[in-house]
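# Coordinate analysis (summary)
The lines below spell out each chain.
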Amino acid sequence: MRLSGRQFARYSRHLLMDDIGVDGQDRLLNSHILIVGMGGLGCPAALYLAAAGIGRMTVCDADVVADSNLHRQILYRQGDVGEFKVDCAKRALQEVNADLVVQAYAQSVSAEILDGDYQLVLDCTDNLAARGLLNRHCRASRLPLVSASAIGWEGQLLAFDFVRQQSPCFNCSITQSKPEAATELAEDCSSAGVLGPVLGVMGSLQATTAIAMILGYFQQHGELQRYDGKSGRWMNVTLSTNPNCQLCCGSKVDV
Ligand SMILES: [Zn+2]
């Protein structure tokens, strides 16, 4: 694909970067990303990816916009309350970038939705069942997976490059975490609360990681990043395959 004159202007700050340039931008424009969950993480992630020139996006979420979403789900406006999130998101994302092709599903993730020609999957859900499904699908299909969550002041990102043979998986991270970490993931922000901008940090980090993976700059097999917004501290851990993970090592634990 050759960039148009308008695209040269639009993406000029990417084109100035030696490690993106025309070839990298072209790769982004030809990419198709699946975003599962269009809540507090999916909104900022999709917004940055749309602005950055990702060519195609498939989004799914069964919910409608509620008043209680508006403090963190930045794609939605007060007038959107009661409408399906994916319909509002599609409209807002295409206002940001008219070249973006968006396929919207007002339903939870399913086998039909997973059966697409994606380069990468963003897990922006708030439940362990969907995370487990995405983990198994991406691992089996060798699709990179970028998963995030947030509670209170804290956020967590897990990135798995399943294209590589020895990548650990989401299940590995649970079985090697402390018990309280699993509890944290099992809670959702409707019961525990969450600071809106923390989701902005984590959703933006998902978008950044997705772009780094698509451009081939993500070097780890699996990476955990934790952010504490109250102290401003970050923790990074390179993950390895867990001998207790049933998926990777055939043991008893599963999600
Ligand atoms: Zn595993």
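Summarised in this report is the structure supplied together with it. Keep in mind the model is a prediction, meaning the values are calculated, not measured.

## Digging into unusual backbone geometry
Of note in the backbone geometry, R142 takes a positive phi value of approximately 55 degrees without being a glycine. Mapped onto the secondary structure, R142 falls in the loop between α7 (128-141) and β5 (145-151).

## With respect to helix α4 (residues 42-52)
In terms of burial, α4 is a largely internal element, 9 of the 11 residues being buried. Residues G42, C43, P44, A45, A46, L47, Y48, L49 and A50 constitute the buried set of α4.

## Brief notes about the nonpolar core
Counting 68 residues, the largest nonpolar core has I33, I35, A46, L49 and V121 as the members making the most contacts within it. With 8 residues, helix α11 (residues 196-214) is the single largest residue contributor to this core. With residues near it in sequence (within four places) discarded, A46 still touches I35, M38, M57, V59, L75, A89 and L93.

## Things to note about the pairing of strand β7 (residues 222-228)
In this structure, strand β6 (residues 154-160) lies alongside β7, joined through 7 bridges in antiparallel fashion. Each residue of the ladder has a partner; that of L158, found in β7, is L224. Alignment of β7 against strand β8 (residues 233-238), held across 6 bridges, turns out to be antiparallel. Across the sheet, the residue bridging to Q225 is N236, located in β8. As consecutive antiparallel partners, β7 and β8 are separated by 4 residues, and within that stretch G232 has a phi angle of approximately 75 degrees, a positive value.

About the cut-offs
- Residue positions are given per chain, counted from 1 along the sequence in the order it is written.
- In keeping with the predicted nature of the model, local features appear solely for residues at pLDDT of at least 70, side-chain atom pairs appear and are counted solely at 80 or more, and the whole-chain, interface and lining totals rest on all residues.
- Every helix listed is a DSSP run of H or I at least four residues long, and every strand listed is a run of E at least two residues long, numbered separately from the N terminus.
- Comment: burial labels come from other C-beta atoms within 10 Å of the residue's own C-beta, placed from the backbone, where a count of 20 or more is buried, 12 or fewer is exposed, and between is partly exposed.
- Here, a nonpolar core means buried Ala, Val, Leu, Ile, Met, Phe, Trp, Tyr and Cys residues linked by C-beta atoms lying within 7 Å of one another.
- By definition, residues are in contact whenever their C-beta atoms, placed on the basis of the backbone, come within 7 Å of each other.
- DSSP-based pairing: two strands are paired if at least 2 bridges between them are found.

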